[in-house]
Amino acid sequence: MPNLVGIWNPDSSEEDIQNTVAKQLKRTRVPGITYTNHSQILPGFGMALMDHGLLENGPQPAQDATGRISLLLDGELYNTSELKRRLSRASQMCSLTPPELCLRLILQEGEDVIRLFNGLFCLVLYDRDRKRLTLVSDRYAFRPIFYKAGPQEVLFGSELKALCVADRARPAIDKIGTAELFCYGAHFQERTWLQDYHRLEPATILTVEPGRIQTRRYWNYRHQDNAPKLDQETYFTVFGALLDRAVERCMQGSKRIGIFLSGGYDSRSVAASIRRHHLPIPAFTFGHAGSRDARFAAMLARRLQLDHTALNGRDPYLYSTCRSIVWRTEGMLPFSQTTSISCHHIMKSKMDIILTGFLGEFSGSHTWPQLLMARSREGAKRAVFNRILGPRLQAARRVFQPRFFERAFEGVKARFDKSFDCVEDDHPMNVADSWNFTCLQPRCTGHAPSVDRHLFEMRAPHMDSELVDFLLTIPPYARLEQRVYKKMIAYRFPDIRDVPCTNTALPINPDFAREYSSMIVRYLSRKAYAALRQPFRLRAPLNREFRDLNDDFRAESQLVQNILRPLLQAGIYPDNIFNVRNIEEMIDEQYQRNGNHEQMLSLLISWGLASKFFLQEDISDVPSAMYQPL
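A brief report on the enclosed structure follows. Not measured: the values here are computed from a predicted model. (Residues numbered from 1 in each chain as written. Predicted model: local features only at pLDDT ≥ 70, side-chain atom pairs only at ≥ 80, totals over all residues. Heavy atoms only, no water.)

## Things to note about the overall build of the protein
Thinking step 1. Check the secondary structure of the protein and you find 23 helices and 17 strands.
Thinking step 2. Relative to a compact globule of 630 residues, whose C-alpha radius of gyration would be 25 Å, the protein shows 24 Å and is just as compact.
Thinking step 3. Expressed as a percentage of its 630 residues, the buried residues of the protein come to 60%.
Thinking step 4. Nonlocal contacts in the protein, meaning residues at least 24 apart in sequence, comprise 73% of its contacts between residues at least 6 apart. (Helix = DSSP H or I, 4+ residues; strand = E, 2+ residues; numbered from the N terminus. Rg over C-alpha atoms; globule rule 2.2 N^0.38 Å. Buried < 20%, exposed > 50% of the residue type's maximum accessible area, 1.4 Å probe, protein only. Contact = heavy atoms within 4.5 Å.)

## Digging into helix α8 (residues 265–273)
Thinking step 1. Along α8, nine of the nine residues are buried, which leaves the element largely enclosed by surrounding structure.
Thinking step 2. Listing the buried residues of α8 in full gives Y265, D266, S267, R268, S269, V270, A271, A272 and S273.

## What to know about the packing of aromatic side chains
Thinking step 1. Inspection of every chain in the model, using the stated rule, returns 32 aromatic pairs.
Thinking step 2. A ring pair is formed by F188 and F416, whose centres lie 5.9 Å apart and whose planes are at 65°; its orientation type is edge-to-face. Remark: F416 occurs in helix α14 (residues 402–418) and F188 occurs in the loop between α6 (175–184) and β10 (198–199); sequence separation between them is 228 residues.
Thinking step 3. When its relative accessible area of 0% is taken as the criterion, F188 is described as buried.
Thinking step 4. Through a chain of ring-to-ring contacts, the aromatic side chains of F182, W193, W327, F400, F404, Y573, F578, W607, F613 and F614 assemble into a single cluster.
Thinking step 5. Cation over ring: R139 sits above W219, and NZ or CZ is 4.0 Å from the ring centre.
Thinking step 6. Above the face of the W327 ring, K161 is positioned so that its terminal group lies 4.6 Å from the ring centre. (Phe/Tyr/Trp six-rings, centres within 6.5 Å; stacked < 30°, edge-to-face > 60°. Lys NZ or Arg CZ within 6 Å of the ring centre and 35° of its normal.)

## Thoughts on the pattern of salt bridges
Thinking step 1. If you walk through the whole model with that rule in mind, you get 40 salt bridges.
Thinking step 2. Among the salt bridges present, the one from E589 reaches R398, with a minimum N-O distance of 3.1 Å. Here E589, found in helix α22 (residues 580–592), pairs with R398, found in helix α13 (residues 377–399); they are 191 residues apart in sequence, far enough to count as distant.
Thinking step 3. Taking the relative accessible area as the measure of exposure, R398 reaches 22% and is therefore partly exposed.
Thinking step 4. Here the salt bridges do not stand alone but share partners, grouping E82, R245, R249, D464 and E466 into one network. (Salt bridge = Lys/Arg side-chain N within 4 Å of Asp/Glu carboxyl O.)

## Quick word on the pairing of strand β14 (residues 282–286)
Thinking step 1. Among the five residues in β14, four count as buried, and that is most of the element.
Thinking step 2. The pairing of strand β13 (residues 257–260) with β14 spans two bridges and is classified as parallel. Residue pairing for β14: F260 is matched across the bridge by F284.
Thinking step 3. Read as a crossover between parallel neighbours, the route from β13 over α8 to β14 is right-handed.
Thinking step 4. As judged from the five bridges shared by β14 and strand β15 (residues 307–311), these two strands associate in the parallel manner. Bridged to T285 within β15 is A310.
Thinking step 5. Between the parallel pair β14 and β15, the chain is carried across by helix α9 (residues 292–304), and the sense of this crossover is right-handed. (Pairing = 2+ DSSP bridges. Right-handed = clockwise from strand over helix to strand, strands pointing away.)

## Some points on the packing of α6 against helix α23 (residues 598–616)
The axes of two packed helices give the description: the angle between them and the distance between them.
Thinking step 1. For the pair α6 and α23, interaxial distance at closest approach is 10 Å and the crossing angle is 150°. Judged on the interaxial angle alone, α23 and α6 are roughly antiparallel. As for how α6 packs across α23, the hand of that crossing is right-handed. On α23, the residues touching T178, L181 and F182 of α6 are M600, L603, L604 and W607. (Axes fitted to C-alpha atoms, helices over the stretch in contact; angles between N-to-C directions. Parallel < 35°, antiparallel > 145°, perpendicular 65-115°, else oblique. Left-handed = near helix turned anticlockwise from the far one by under 90°.)

## Considerations on the nonpolar core
Thinking step 1. The biggest cluster of nonpolar side chains holds 96 residues, and the ones touching the most others in it are F182, F400, W435, F578 and L604.
Thinking step 2. Looking at which element gives the most residues to this core, the answer is α23, with eleven residues.
Thinking step 3. Not counting residues up to four positions away in its chain, the partners in contact with F578 are T178, F182, V399, F400, Q401, Y573, I583, L604 and W607.
Thinking step 4. Ranked by size, the runner-up nonpolar core spans 86 residues in total, among them A62, F470, C501 and I508. (Core = buried A, V, L, I, M, F, W, Y, C linked by side-chain atoms within 4.5 Å.)

## Here we look at the sheet that holds strand β16 (residues 353–355)
Thinking step 1. An order of β15-β14-β13-β16-β17 is seen for the five strands of this open sheet, with the pairing classed as parallel. Strands with a single pairing partner mark the edges of an open sheet, and in this sheet they are β15 and β17 (457–459). If you compare each strand with its neighbour and ignore which way they point, the axes differ by 30° on average.

## A closer look at α6
Thinking step 1. Of all ten residues that make up α6, eight are buried, and the element is covered over most of its length.
Thinking step 2. For α6, the complete set of buried residues consists of G177, T178, A179, E180, L181, F182, C183 and Y184.
Thinking step 3. On the buried face of α6, the contacting elements are α13, α14, α15 (428–440) and α23.

## Observations concerning the packing of α6 against α14
Thinking step 1. α14 packs onto α6 with a crossing angle of 80° between their chain directions and a minimal axis gap of 9 Å. The angle between the axes of α6 and α14 places the two elements in the roughly perpendicular class. Side by side, α6 and α14 meet where K175, I176, A179, E180 and C183 of the first sit next to F404, F405, A408, F409, G411, V412 and R415 of the second.
Thinking step 2. Across the contact of α6 with α14, the residue classes break down as eight nonpolar, one polar and three charged. (Nonpolar A, V, L, I, M, F, W, Y, C, P; charged D, E, K, R; others polar.)

Encoded structure:
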């Protein structure tokens, strides 16, 4: 992903702006990567985009005829041909780059036209005469913009590092944001673990001009309760046709395209929708040779004519990659979720743009028992809280000082409640799906690719606007346990219907009644097995995961001896926030008594390393080795 940076400060000279942007570019530049710099430097404002050229957007910034208004596009649009038809006849005849098209449409129709932009992007606009800065996120905030906004100065960039290196004040810990991270595993809405450093929320326009800062949403993820009710066959037929069109849009351009292929529904539906004239394309699967993902993905690849590579190394992988991962993900999720960095050189030899099944689960997978029993919006909120935050709270309580936890948790709970303000649905299942899509995915699934973005671009067909708009018309009873999704795959792609899915190890079964009955039996069996595991020390079944993360942590004691304990001894974890004694006890339990603290230890390492990088060291001078595994 290109790195976007910039500063708005009407009182700064052009020279000061130039120096600030130069520092931001230096810090966000990745050694060994060739970029084209697109920039504009003016008195009071500067912006720049380091572009590796994979998205072929042409020269930037785009400008109006007078040079008064400028625009940078970070990302891409999939529907440029449709958008161009909205312009005047003379403009349609012009050869416009995507940034030029964006600017002309905004000038012609106003900012609300952005709701028609189909793609994953962020925009920066600057009006020189009005000294007005505008930042825009796409519908899902898939491509991040971080910012620090004050009355006299706004810093922004696609990485926190672009803010830290230019901040006149020393960055500080956001206590509520830190508590959020450990209770939730990510952040709600705009917050980060650094005080006053925010991430632009989905479908949001941030406008800054002298004396005024405001944000507004231009689109909201909302289920259409008043849409005509259709039969199941129509739902899955239209779903398949729109997915096929979305995948074809994502195959555009001259760069090499590949796919992450697992044994799940999402990547197989994308892979099966690729038209034959594009094949073969490379497909990569993570997992040891005997794992479900590796076995089932290999079956899919053979039938779909993909050039398959199994990345199934069994060597230790956590300690060697954690520093470089944290440097890229900036401490905003556990590093153990994004360990692909050790395989980048293999993937880069075959592809530049990755197709991914991200966010395919919005089609009705959230049928947790608590949610099925919910009968109201408030009941759905409780179900989401108990499912997402509840399992983490006991470990988080141990990690923090008691007084800090009690005080901070009130803030976290208030933030959780506030995160539902943007959810306009009332049906419990719709509430959960909308919250997942707007609050969970952008901060977890959508942030994970940051470890890859300096080398690859990503395209997510399931996030195509036309497809999402249609899926929002499907009522809960038709989506229950992904009924429409499974039927679409089973009937549209019969050649892969019998290939088992990773989470069940069973072929896709579009017969909902039979599948749901067997699912309940399996759920009860797992609960009974879990009750027996602890007293009899039975090994957990493999199920979804291709690795036993707990065993992997215990196999790499360097994580504690060479990273976590030195961070504790150096005072990186403030004793008014963290309970160091309890952390030491958790370490002992993990390594001496077969504890289950791998997720919390991963978070502690991620937060500690990020705090060291951002708060203790000179962020402007980190060695290039930080980008590579040890």
